Amino acid sequence: MKFLMPFVIVFFITSCKNEEPNPKEKIYQTIEENKQRVTISQGIAGTLTIQTGNCMPTTDVDRNTCFLNTLESDIWLTDTVSIFTVNRIYYNQDSTRVIDIFIHSDSVKHLLISSISTFGDGFFEITCDSGIFSIFRKDSVRLHEGVSSNSIINPVEVKPNEVTYVNLNIDLAAH
């Protein structure tokens, strides 16, 4: 009987564990649910998330402060923007549908195709023509994006009569 006691205790502890999904699993579930909400027939839809905290590997669970959450913010869809042309990005309030992207001492205008606010669960959808675009979160200080192998900032391709689903993640975490 003493031999079986440790196994009984381990079984009891694991069976009494709270079955609540962890926060990351909830976010992944939200992303999957958002895919079902798409109502447009052509364009871009997606979920905007933000990752913050200390995401470094650790054996001390209490020290891990890595969080993934959905984000309510504005999304910009522009014509393609090359990483080589960007130092800082600014939004000119006086000019409609144009973003000023400063290149060293010069300024290049990029067409703002669409600007949309995400919902509280990070969901967004944008109707647009087919083509390749750059998509990112409006931020007055820095760009949060990925860069393709041909140096385009966060490229998204939209094909005729299709919706491209994008998980746009703002990663501010320590890795």
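Above this text sits the structure in question.
Residues numbered from 1 in each chain as written. Predicted model: local features only at pLDDT ≥ 70, side-chain atom pairs only at ≥ 80, totals over all residues. Heavy atoms only, no water.

### Here we look at the pairing of strand 9 (residues 155-158)
Our working rule: Note on exposure labels: buried denotes an accessible area under 20% of the residue type's maximum, exposed denotes more than 50%, and partly exposed covers the range between, all computed with a 1.4 Å probe on protein chains only. Labels follow the DSSP assignment, with helices taken as runs of H or I lasting at least four residues and strands as runs of E lasting at least two, numbered in each case from the N terminus. Only strands joined by at least two bridges in the DSSP assignment are considered to pair.
Across the two faces of strand 9 the burial differs, with Val156 and Val158 buried and Pro155 and Glu157 not buried at all. Note: strand 8 (residues 131-137) against strand 9, 4 bridges, orientation antiparallel. Residue pairing in the sheet places Gly131 in a bridge with Val158 of strand 9.

### Quick word on the state of the cysteines
Working definition of a disulfide: a covalent bond connecting the sulfur atoms of two cysteines. We count it as follows: Cysteine sulfur atoms are paired as a disulfide whenever they fall within 2.5 Å.
For the structure shown, the criterion picks out 1 disulfide. Between the sulfur atoms of Cys55 and its disulfide partner Cys66 the distance amounts to 2.0 Å. Between Cys55 and Cys66, the S-S torsion sits near 80 degrees, and that sign places the bridge as right-handed. One end of the pair, Cys55, is in the loop between strand 1 (43-52) and strand 2 (67-70); the other, Cys66, is in the loop between strand 1 and strand 2, with 11 residues separating them in the sequence. Each member of the pair Cys55 and Cys66 is classed as buried.

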